[in-house]
Structure formats: C-alpha cells, structure tokens
Amino acid sequence: MSSAAVQIAPTRSERRGFQRVRVKIYGRFMLEDRSEYPCQVIDMSPGDVALRAERPGEPGERVIAYLDHIGRIEGVVTRLTEDGFAMTVIASERKREKLAAQLTWLANKHELDLPEDRRHQRIAPRNPITVLQLGDGRQYQCRIVDLSLSGAAVEINVRPALGVQVTLGAMRGQVVRHFQDGIAIEFAALQQEETLDAAFSDR
C-alpha cells in the first residue's frame with residue numbers, strides 16, 4: 001500500500017471543507033419526478049458528490065441516489081457538468097463520519113476494477129449460453145462462467161481490446177480483463193439480481 005494513503009475526516013467547516021476523492025462507484029439516482037437513471041461517481045466527499053449521468057438533474061432539484069458500497073444518499077443538485085452534475089450530500093454528522101470511513105477505505109483500495117473480487121453475490125445463470133455483441137454489431141456466442149451484480153466472466157473465442165464497449169445479453173458494459181479462455185466484463189451500472197435472473201434464464 002502506498003505511503004500516501006488517503007485519509008478523509010469530516011471537519012468543522014461545512015461545504016467544501018471535505019476532501020474529495022476519485023472513486024469508481026456505480027449506482028442509480030431518482031429525480032423529483034421519480035424518474036430513475038444509472039450513474040457513476042466521478043469523485044465524492046462526505047459533503048458532496050460529482051456524478052456522470054446521461055440525464056442530469058436541474059440546479060436546485062432534490063435527488064436521491066443509491067450507490068454501490070455507499071447505500072442511499074440524498075442531496076440537491078448544485079451545478080451541471082460536461083457529462084453529469086454535482087450534488088450536495090445531506091446527512092447528519094454521524095452519517096458523514098460513516099461516509100468518510102467508507103470513502104477512506106474505497107480510496108485506498110485498488111480492487112474496484114477486478115472482476116474476481118467478491119463484493120457482490122455470485123449468481124448462477126440458469127442458461128449460461130448467451131450472445132456478446134460488439135459496438136460494430138458483430139455478435140459471438142459465449143458461455144458465462146462467473147456472474148455477479150457488477151460484471152461477468154465469459155468463455156469466448158474472440159478477445160476484444162480492454163475498454164471496448166460490449167453488450168452481454170441485454171447488459172451494457174466494457175471489457176476490463178483478459179484470461180486464458182475469455183474475457184471479464186464490468187457492467188455499466190450495478191444490476192438487480194432479478195434483472196440478471198430474467199436476462200439469463202432458460203427461454
């Protein structure tokens with residue numbers, strides 16, 4: 001572990017008094033009209049968070065987000081960014097302390113891109129045979145050998161480059177690792193177990 005380990009501690013100064021760290025976390029958020037959209041955290045502190053999202057909220061709009069590792073947070077949109085928006089995190093002092101501890105742990109871990117980590121429950125697909133589609137439309141049959149809410153490992157005869165966007169069944173994601181017989185894919189957003197069960201069930 002690097003000697004420059006990140007330490008985050010809530011301070012007495014509110015707003016901008018928290019250290020923001022870059023963490024790769026997926027989740028979903030709900031706007032005031034109750035519409036829901038996927039998102040990815042760009043950086044976060046116990047007091048605010050910047051989210052990448054295709055459908056940003058409006059400044060002043062109240063948002064509820066459900067983030068992997070973090071759980072539910074609430075806040076208000078403070079500004080729009082090029083690829084999303086920033087929002088405050090409305091929380092008690094105790095909640096902020098918990099967030100600081102969670103962010104410290106996440107910031108000092110380098111396992112978020114590893115498909116074999118065991119943070120998420122493994123799911124046994126009832127039908128492991130499915131189709132992988134590349135961005136140019138080419139399709140290849142593959143076999144799911146490992147499946148979780150955040151990604152999958154598949155046996156396949158082709159090896160798309162790391163970072164290439166793919167669709168596994170109906171799940172969008174990107175290639176994050178190669179192994180001897182196939183590739184590992186990280187989904188674009190954290191999935192629900194029911195969604196995966198339906199997507200890879202016997203037809």
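Here goes a summary of the coordinates provided. (Residues numbered from 1 in each chain as written. Predicted model: local features only at pLDDT ≥ 70, side-chain atom pairs only at ≥ 80, totals over all residues. Heavy atoms only, no water.)

## A closer look at the sheet that holds strand β7 (residues 129-134)
Inference 1: With respect to topology, 6 strands assemble into a closed barrel ordered β7-β8-β9-β12-β11-β10, the strand pairing being antiparallel. Averaged over neighbouring strand pairs, the angle between their axes works out to 45 degrees when direction is ignored.
Inference 2: Note that β7 and strand β10 (residues 165-168) share 3 bridges and pair antiparallel. Bridge pairing in β10 links glutamine 133 to threonine 167. (Pairing = 2+ DSSP bridges. Helix = DSSP H or I, 4+ residues; strand = E, 2+ residues; numbered from the N terminus. Axes fitted to C-alpha atoms, helices over the stretch in contact; angles between N-to-C directions.)

## Re the packing of aromatic side chains
Inference 1: Summed over all chains, the structure comprises 2 aromatic pairs.
Inference 2: Taken together, a centroid distance of 5.7 Å and an interplanar angle of 35 degrees make the contact between phenylalanine 29 and tyrosine 37 tilted.
Inference 3: Taking relative accessible area as the criterion, phenylalanine 29 reaches 1% and is therefore assigned buried.
Inference 4: Exposure remark for tyrosine 37: the relative accessible area of 24% places this residue in the partly exposed category.
Inference 5: On the basis of an interplanar angle of 70 degrees and a centroid distance of 5.2 Å, the ring pair of phenylalanine 29 and phenylalanine 85 is categorised as edge-to-face. One end of the pair, phenylalanine 29, is in strand β1 (residues 21-30); the other, phenylalanine 85, is in strand β6 (residues 84-88), with 56 residues separating them in the sequence. (Phe/Tyr/Trp six-rings, centres within 6.5 Å; stacked < 30°, edge-to-face > 60°. Buried < 20%, exposed > 50% of the residue type's maximum accessible area, 1.4 Å probe, protein only.)

## Describing the environment of leucine 132
Inference 1: With respect to the secondary-structure elements, leucine 132 resides in strand β7.
Inference 2: Classification of leucine 132 as buried rests on a relative accessible area of 0%.
Inference 3: Separated by 22 residues in the primary sequence, leucine 132 and valine 154 have C-alpha atoms spaced 9.1 Å apart.
Inference 4: Filtering out sequence-adjacent residues up to four positions away, leucine 132 remains in contact with Arg138, Gln139, Tyr140, Cys142, Ile156, Pro160, Val166, Thr167, Leu168, Ile183 and Ile185. (Contact = heavy atoms within 4.5 Å.)

## Some remarks on the side chain of threonine 130
Inference 1: One can find threonine 130 in strand β7.
Inference 2: With residues near it in sequence (within four places) discarded, threonine 130 still touches Tyr140, Gln141, Cys142, Ile144, Leu168, Gly169 and Phe200.

## Points about the sheet that holds strand β2 (residues 36-44)
Inference 1: In space, the 6 strands of this closed barrel follow the order β1-β2-β3-β6-β5-β4, with antiparallel pairing throughout. Averaged over neighbouring strand pairs, the angle between their axes works out to 45 degrees when direction is ignored.
Inference 2: As paired strands, strand β5 (residues 71-81) and β6 are joined by 4 bridges and run antiparallel to one another. Residue pairing across strands places arginine 79 opposite alanine 86, the latter belonging to β6.

## Observations regarding the pattern of salt bridges
Inference 1: The full count for this structure, using the stated rule, is 7 salt bridges.
Inference 2: Linking arginine 20 and aspartate 43 is a salt bridge whose minimum nitrogen-to-oxygen distance equals 2.7 Å. Of this pair, arginine 20 sits in the segment before β1 while aspartate 43 sits in strand β2, and the two are 23 residues apart along the sequence.
Inference 3: For arginine 20, a relative accessible area of 23% puts it in the partly exposed group.
Inference 4: On the basis of relative accessibility, which here comes to 17%, the residue aspartate 43 falls in the buried class.
Inference 5: Arginine 138 is the salt-bridge partner of aspartate 136, the closest N and O atoms lying 2.7 Å from each other.
Inference 6: Several salt bridges converge on common partners, so that one network encompasses Arg20, Asp43 and Asp48. (Salt bridge = Lys/Arg side-chain N within 4 Å of Asp/Glu carboxyl O.)

## Things to note about the pairing of strand β11 (residues 171-179)
Look at any regular strand and the pattern is simple: side chains alternate between the two faces of the sheet.
Inference 1: Pairing of β10 with β11 involves 4 bridges; the strand directions are antiparallel. When the bridges of β11 are listed, leucine 168 appears paired with methionine 171.
Inference 2: Count of turn residues in the β10/β11 antiparallel hairpin: 2 residues, of which glycine 169 carries a positive phi of about 65 degrees.
Inference 3: Taking the residues between adjacent antiparallel strands as the criterion, β11 and strand β12 (residues 182-187) are bridged by 2 residues.

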